[in-house]
Amino acid sequence: MKKLGMILMSLIVVLGVYTPSSKAAGYDSKFCEQFKGVSKIWWDGIELKPGQIGRLIVLKDTPLFKLQGEKKVFSRTLKAGEFYRIYAFKPGMLSVGGGYFVDRDSKVKYETPSKTKLQAVQCIHNPYGSISNPTALGEGWEVKVEDRYTGFRHYEIGMVEAITDGNIAWQMIKEKNYYNDPPPAGKKYVMAKFYFKLINADKEPFNVNYHDFEAVSKKGVTYSNKSVVIPDPELWKDLYKGGSFAGWTVFLVDQNDEPKIVWNRKATDEIWFKMN
């Protein structure tokens, strides 16, 4: 599975558990056309679930445990012949969900599905991060898409940093330019840094900038853009094949809101992100 190095590095820092996602395998709109109307993807007669990265077959009775710091706290014994879906792992351990782990040793057999099956699951369940299932902070997409307006484009994108504390965001904005307006009463600034790499495109340069992103409230209301001088590096770049860039976007939102951020809204490659 192809990993998005810089983005997945952030994922490890933020989550503490490396969860390889089908998103990292890439999304190809043409490939997905064959799965229209399909509701399930089968792997040796068993449904492959969204987010699943593998399966575990218990060969010999093995302990199931939770972690308290570095300490393993025994829960129960998994019996030989039992089957479990795997969604994440830590070094030397496999997660069976709910915060429970088993040792990755000779007592268990761990198998992974093909890249094609992972992509198929991605196609039918969540071709892109959606408003109801947004892409997590630190996760990335490799996107291949084509439409009549901008032609073919192949790129990587991910939110690699987010600042939801209004005081911190305002301090950075004020330090950038003394004449930036403070947030009105009941409002706050939030900031998101996005990584973008252009792999290929019909049209160059490919411009990526903060106007391509919108903040949407919990109630589904789109916030209007607030003009401020954005802290460096500002997200605005003309990219050519192989070029990459990471920069900040700024949004003015309600004080107690946790907005979602959407890229390329209403386009073929619309992608939703959450900030925490």
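Residues numbered from 1 in each chain as written. Predicted model: local features only at pLDDT ≥ 70, side-chain atom pairs only at ≥ 80, totals over all residues. Heavy atoms only, no water.

Some words on the nonpolar core
One recurring pattern in soluble globular proteins: nonpolar side chains tend to sit buried together.
Item 1. Grouped together as the largest cluster of nonpolar side chains are 28 residues, with contacts concentrated most on Ile157 and Trp263.
Item 2. Taken together, the elements giving at least two residues each to this core come down to strand E12 (140-147), strand E13 (151-163), strand E14 (187-201), strand E15 (206-209), strand E16 (213-216), strand E18 (244-254), strand E19 (260-263) and strand E20 (271-274).
Item 3. If you look at the next biggest cluster of nonpolar residues, it comprises 12 residues, including Leu64, Ile86, Val96 and Val108. (Core = buried A, V, L, I, M, F, W, Y, C linked by side-chain atoms within 4.5 Å. Buried < 20%, exposed > 50% of the residue type's maximum accessible area, 1.4 Å probe, protein only. Helix = DSSP H or I, 4+ residues; strand = E, 2+ residues; numbered from the N terminus.)

So, the sheet that holds strand E4 (residues 54-58)
Item 1. Pairing in this open sheet of three strands is antiparallel, and the strands run E7-E4-E11 from one edge to the other. Of all the strands in the sheet, just strand E7 (83-86) and strand E11 (108-111) have a single pairing partner and so form its edges. This sheet shows a mean twist of 25° between the axes of neighbouring strands, independent of strand direction.
Item 2. The sheet contact formed by E4 and E7 spans four bridges and is antiparallel. Each bridged residue has a counterpart across the sheet, and for leucine 56 the counterpart in E7 is tyrosine 84. (Pairing = 2+ DSSP bridges. Axes fitted to C-alpha atoms, helices over the stretch in contact; angles between N-to-C directions.)

So, the packing of aromatic side chains
Item 1. All chains considered together, the criterion is met by 11 aromatic pairs.
Item 2. Aromatic pair tyrosine 155 and tryptophan 263: ring centres 6.0 Å apart, planes at 70°, arrangement edge-to-face. Linking tyrosine 155 in strand E13 with tryptophan 263 in strand E19, this pair joins segments that are 108 residues apart in sequence.
Item 3. Assessed through its relative accessible area of 0%, tyrosine 155 is described here as buried.
Item 4. Consider the rings of tyrosine 178 and tyrosine 179, whose centres lie 5.6 Å apart with planes at 85°: the pair is edge-to-face. Considered together, tyrosine 178 and tyrosine 179 belong to a single accessibility category, that of exposed residues.
Item 5. One aromatic cluster in this structure is built from Tyr155, Phe194, Phe196, Phe206, Phe213, Trp263 and Phe273.
Item 6. We note arginine 55 situated over the ring of tryptophan 43; from NZ or CZ to the ring centre the distance is 3.8 Å.
Item 7. Positioned above the aromatic ring of tyrosine 100 is the side chain of lysine 66, whose terminal nitrogen or guanidinium carbon lies 4.8 Å from the ring centre. (Phe/Tyr/Trp six-rings, centres within 6.5 Å; stacked < 30°, edge-to-face > 60°. Lys NZ or Arg CZ within 6 Å of the ring centre and 35° of its normal.)

Here we look at the confidence of the model for the chain
Item 1. Mean pLDDT over the chain: 84, with 87% of residues reaching 70 or higher.
Item 2. Taken as a whole, residues 1-25 scores under 50 in pLDDT and shows 59 contacts with residues more than four places along the chain or in a different chain. (pLDDT = per-residue confidence, 0-100. Contact = heavy atoms within 4.5 Å.)

Re the sheet that holds strand E8 (residues 88-90)
Item 1. If you trace the five strands from one edge of the open sheet to the other, you get E6-E5-E10-E9-E8, paired in antiparallel fashion. Strands at the two margins of the open sheet, each flanked by one partner only, are strand E6 (71-78) and E8. On average, adjacent strands in this sheet sit at an angle of 40° to one another, irrespective of strand direction.
Item 2. Here strand E5 (residues 62-68) pairs with E6 via seven bridges, running antiparallel. Of the residues in E6, the one forming a bridge with threonine 62 is leucine 78.

Considerations on the side chain of glutamine 52
Item 1. Structurally, glutamine 52 can be placed in the loop between strand E3 (46-47) and E4.
Item 2. A polar atom in the side chain of glutamine 52 sits 2.9 Å from the backbone oxygen of glycine 54.
Item 3. A polar contact of 3.3 Å, which involves the side chain of glutamine 52, links it to the side chain of arginine 85.
Item 4. When neighbours within four sequence positions are excluded, glutamine 52 is seen to be in contact with Trp43, Glu47, Arg85, Ile86, Tyr87 and Leu118. (Polar contact = N/O pair within 3.5 Å; in protein donor to acceptor, adjacent residues only side chain to side chain.)

Focus on the pairing of E4
Item 1. Burial within E4 is extensive, with four of its five residues counted as buried.
Item 2. Where E4 meets E11, four bridges bridge the pair, whose relative direction is antiparallel. Bridge pairing links arginine 55 to glutamate 111 in E11.

A closer look at unusual backbone geometry
A negative phi holds for most residues other than glycine; trans holds for most peptide bonds.
Item 1. Residue glutamate 204 is joined to proline 205 through a cis peptide bond whose omega torsion reads 0°.
Item 2. Within the secondary structure, proline 205 sits in the loop between E14 and E15.
Item 3. Cis peptide bonds are those with omega within 30 degrees of zero, and the linkage from aspartate 232 to proline 233 qualifies with -5°.
Item 4. Summarising the element assignment, proline 233 is placed in the loop between E16 and strand E17 (236-239).
Item 5. Backbone geometry places aspartate 44, a non-glycine residue, at a positive phi of 55°.
Item 6. By the secondary structure assignment, aspartate 44 is in the loop between strand E2 (42-43) and E3.
Item 7. Look at aspartate 44 and you get exposed, because its relative accessible area is 61%.

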